[in-house]
Amino acid sequence: MTSTPPPPPLSEPDPSTFTCPGSLVGPCSGCQRRTHKYGNGGLPLCQWCMRPARESWGSTVRFTSTRP
Ligand SMILES: [Zn+2]
């Protein structure tokens, strides 16, 4: 019931790339998938690498929102 769908092949970019300029797209630090990496709202990891990372970090996540 809590199973998560497997991530698509690495040739598939992270959905976040669809809504950000191509200049802000870069390879995921974990799997090299194309993801929204740079600029405001960018993350070094794609969402599939980010999910287990967030869980392992628990409540001590160091990501601070840089919203103005
Ligand atoms: Zn990744």
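Residues numbered from 1 in each chain as written. Predicted model: local features only at pLDDT ≥ 70, side-chain atom pairs only at ≥ 80, totals over all residues. Heavy atoms only, no water.

Colleague: For this particular structure, what's the right way to read unusual backbone geometry?
Modeller: Glycine aside, residues mostly have negative phi, and peptide bonds are mostly found in the trans state. Despite not being glycine, glutamine 32 shows a phi value in the positive range, around 70°. Of note, glutamine 32 is situated in the loop between strand S1 (25–27) and strand S2 (34–36). (Helix = DSSP H or I, 4+ residues; strand = E, 2+ residues; numbered from the N terminus.)

Colleague: What am I meant to see in the environment of glutamate 12 here?
Modeller: In this structure, glutamate 12 sits in the segment before S1. In this structure the C-alpha to C-alpha distance between glutamate 12 and arginine 33, which are 21 residues apart in sequence, comes to 7.1 Å.

Colleague: Help me out: how do you make sense of the environment of proline 27 in this one?
Modeller: By the element assignment, proline 27 lies in strand S1. Taking relative accessible area as the criterion, proline 27 reaches 36% and is therefore assigned partly exposed. When the C-alpha atoms of proline 27 and leucine 45 are compared, they prove to be 8.1 Å apart, with 18 residues separating the residues in sequence. Once residues within four sequence positions are removed from consideration, proline 27 is found in contact with Gln32, Arg33, Thr35, Lys37, Tyr38 and Pro44. (Buried < 20%, exposed > 50% of the residue type's maximum accessible area, 1.4 Å probe, protein only. Contact = heavy atoms within 4.5 Å.)

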